[in-house]
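Spelled out, the chains give:
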Amino acid sequence: MTDAPPPADGASTEAPSAGRAQSRRSPRDVNEHGERRVSSGFGRYLLKHAGGAAVSLLLVLFSSFFIFRLIAGDPIDQLTKERPVSPEQRAAMRAELGLDQPLWQQFWDYIAGTLTMDLGESFQYRRPIFDLIVERLPATLLLSGTGMVLAVVLGFWIGTRSGWKQGSRFDRGHVATGLVLYSAPTFWLGMIVILVFARYLGLFPVNGMRSPSTPPDFWSQAVDIGYHLVLPVLTYTAVVYAGYLMIMRSSILDEIGSDYLTTARAKGLRDDEVRQKHAVPNALLPTVTLVFLALGSVVNGSIVTETVFSWPGLGTLFVNSIFYPDRPVLQALFVLFSSSTILAVLCAEILYWFIDPRIRRS
Amino acid sequence: MTATNALSPRALRRARRRQSLSRSWAAYRSQKTGMWGLVLLGAIVVLAIATPVLIDASALSVTQATGGRMAPPSAEYPLGTDETGRSVLALTLWGSRLSLVIGLTATVVAIVIGTAVGVTSGHIGGWYGWIALRLSDWFMVLPSLVVAIALLAVLGRSMATTITVIALVSWPGTTRLVRAQTLTVQSRPYLERAKALGAGHWHQMTKHILPNVLPLVLASATLLVPSAILMESSLAWLGLGDPGVVSWGSILNRASENGAVSAHAWWYLLPPGLAILLVVLAFMLCGRALEAVFNPRLRGES
């Protein structure tokens, strides 16, 4: 469950100051015909939320500096774990890492470096962290992207039917299955999946993303990666889909007593048509934003799954860096993972403006 | 004058509380899945408390282990042994204590922080309320596992840090819930009456707002425990748990580090994992039932 998308509540970012903004509206917002300009409403909305996201991002940078530079102590001690080093060597290393500078100078260098994509060098790989991230990002996106699409489709499909026939055998069976899978720890489910499908049955590879023996041409590689992808995606989807199922189900339940459904039935529409053409579009509104909110977890949501399957993505890099300890990598990934969710929330808020007319009116 | 006949305010309050409690219990009892969760949870807790009586703590010692290396289940070891020859059954039973203690403690800490911040920010409002709201929003958006891993990586591994870190990533949900409920209660006439009679902030918050907020907090706490337990097991499995203690996550960490999967040692993998699953499921069933009882919006739904 730790791989699940972030909780839904982040979506309900309200627009409480809208009323106040209205009263402060200056004459500039009214054009010569006395009509209010519609675009300024969106501009204001966008500015407010983008500003909030920018502050959140700055807070992330600040806290990552705080956690990894101030709480964590001197990195030189960790870099020189078992080797005896002379004071001169230590001083040279400090200078190389910029630790001889005053604290505010270090902080400034760090902020400037992060903003210009200069994330420093990894202790364990001796390579620029930016290159490492670029190299490993596709594997992560492939695994959690595929898993998330499957989870959303599966969850919405089952959730719609479950909610529509509440209390039926279909409903009870799927809610029970979903809850049990949701309760299973991801890493354990992964281990069991490997034990059964890879070890006992020998159907799929145990771990990794490709076999060294595969010919280098595109199609053989694609098939090989797809083959390696099956078990990790299965695990990821199994844990995550129940969340979408429950959300879609309760969203359908909210709609089910509505008058417009009775009207649709009175028109003589078949049950399937009432569901697909009338109930589902309305029930989708609150759930689609949740999917956008969960987009951040495409980058950071598969840490545990990747680790179980030794999938060469960002999550494995993060976990391996804990024990080296490769602090620059941890710090960079902490910032990347956190900012991806912040940006996903911003996307969801922007989308909300377009799909929910109530926000525009307020 | 006898207090019972005149019904002093205190007695009246007690009687009302008892009444509403029995009403809630009746509503809870009518939910079959919730009752199943409660029974399951009761069984697990009793087992966890009784473990020291059933199995001596020496069963956890690596040096006193008598079994073979990753031996399959036998009469002497009903669930087989681990890589040092300890009984997996003993490990799982002892592990339950730690997993439950960490999950419950972290939840209590998170709930106390969340409720305090939620009530005060909703009641006092102003600059303080705004900052508290933004801060909890910010914490809520951050990916909790990432934050927990980062903090444990620099703070070092111990039970106390695990609990602190889990509490730190779990409080904002409660804050949001409590704050929203506080704002609803605030606008009710009886609070206006209390204010007109000269009630101070402390009195308003503790005597009027808090009792109204607590039932919802109880429901959300019951749903926080399973996520805390899952978080603890994930962290321990990644190797970030307290190295000196046995929890379900740390058992599975040792299992995967010692190649239990490639050794096909299913008896080593299944018990701790199933235990986590059952506890989490029990809490979720109870929490969903409580939510249906206390959350008016959900009332009427199964």
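By the naming in an unreviewed UniProt entry, chain B goes by ABC transporter permease and is assigned to Glycomyces algeriensis. UniProt's Sequence similarities (unreviewed entry) comment on chain B is quoted here verbatim: "Belongs to the binding-protein-dependent transport system permease family."

Looking at an unreviewed UniProt entry, chain A carries the name ABC transporter permease, with the source organism given as Glycomyces algeriensis. According to the UniProt record, the Sequence similarities (unreviewed entry) comment for chain A is "Belongs to the binding-protein-dependent transport system permease family."

> Help me understand the overall build of chain A, please; the structure alone is not making it clear to me.
When helices and strands are counted, chain A shows 16 helices and zero strands. With 362 residues in all, chain A has 47% of them scored as buried. With the model as given, the accessible surface of chain A reaches about 17900 Å², and the carbon-plus-sulfur share is 64%.

> Where do I start with the nonpolar core in this structure?
In a soluble, globular protein the nonpolar side chains are often hidden away together inside. Ranked by internal contacts, the top residues of the largest apolar core, which has 151 residues, are Phe 187, Tyr 244 and Phe 334 of chain A together with Ile 149, Leu 235, Tyr 268 and Leu 269 of chain B. In terms of residue count, helix α11 (residues 266-294) of chain B provides more of this core than any other element does, 17 residues in total. Listed in part, the seven residues of the second largest apolar core include Ala 139, Met 209, Ile 225 and Leu 229 of chain A.

> I tried to follow the UniProt feature "domain: ABC transmembrane type-1" (unreviewed entry) in chain A on my own but got confused; where do I start?
If you check UniProt for "domain: ABC transmembrane type-1" (unreviewed entry), the listed places come out as residues 137-352 of chain A in our numbering. Along residues 137-352 of chain A the backbone is 81% helical and 0% strand, and the end-to-end C-alpha distance reaches 28 Å.

> Can you help me understand the packing of aromatic side chains in this one?
Two descriptors summarise a pair of aromatic rings, namely the distance from one centre to the other and the angle between the planes of the rings. Applying the stated criterion across every chain yields a total of 17 aromatic pairs over all chains. Residues Phe 65 of chain A and Tyr 110 of chain A carry aromatic rings whose centres are separated by 5.8 Å and whose planes lie at 35° to one another, so their mutual orientation is tilted. Of this pair, Phe 65 of chain A sits in helix α2 (residues 38-71) while Tyr 110 of chain A sits in helix α5 (residues 103-115), and the two are 45 residues apart along the sequence. The same class applies to Phe 65 of chain A as to Tyr 110 of chain A, namely buried. Both rings, one in Phe 187 of chain A and one in Trp 237 of chain B, keep their centres 4.9 Å apart while their planes meet at 10°; by these two values the pair is stacked. Taken together, the residues Phe 187 of chain A in helix α8 (residues 186-200) and Trp 237 of chain B in helix α9 (residues 201-237) connect one chain to another.

> Explain unusual backbone geometry to me, please; I cannot follow it from the model alone.
What is expected of a backbone is that most residues other than glycine have negative phi and most peptide bonds are trans. A positive phi angle, close to 45°, is found at Ser 310 of chain A, a residue other than glycine. Within the fold, Ser 310 of chain A resides in the loop between α13 (303-308) and α14 (314-323). Residues other than glycine seldom take positive phi values, yet His 264 of chain B does so here, at roughly 60°. One can find His 264 of chain B in the loop between α10 (248-257) and α11. Exposure remark for His 264 of chain B: the relative accessible area of 26% places this residue in the partly exposed category.

What counts as what
Numbers given for residues are sequential positions, taken from 1 along each chain in its written order. Whichever chain is written first becomes A and whichever ligand is written first becomes 1, with later ones labelled in order. Two thresholds apply to this predicted model, a pLDDT of at least 70 for residue-level local features and 80 or more for giving and counting side-chain atom pairs, whereas whole-chain, interface and lining totals are computed over all residues. Side-chain measures were taken over the full set of non-hydrogen atoms in the model, leaving aside hydrogen atoms and water. UniProt positions are given in the numbering used here, feature names are shortened, and annotations may be inferred rather than shown by experiment. Only DSSP runs of H or I with at least four residues qualify as helices, and only runs of E with at least two residues qualify as strands; both kinds are numbered from the N terminus onward. Using a 1.4 Å probe on the protein chains alone, a residue whose accessible area is under 20% of its type maximum counts as buried, one over 50% counts as exposed, and one in between counts as partly exposed. Note on areas: these come from Shrake-Rupley sampling with a 1.4 Å probe, and a residue is covered only by the protein chains present in the view. The criterion is simple. A nonpolar core is a set of buried Ala, Val, Leu, Ile, Met, Phe, Trp, Tyr and Cys residues joined through side-chain atoms within 4.5 Å. Two aromatic rings from Phe, Tyr or Trp, using only the six-membered ring of Trp, form a pair when their centres are within 6.5 Å; if the ring planes differ by under 30 degrees the pair is stacked, by over 60 it is edge-to-face, and anything between is tilted.

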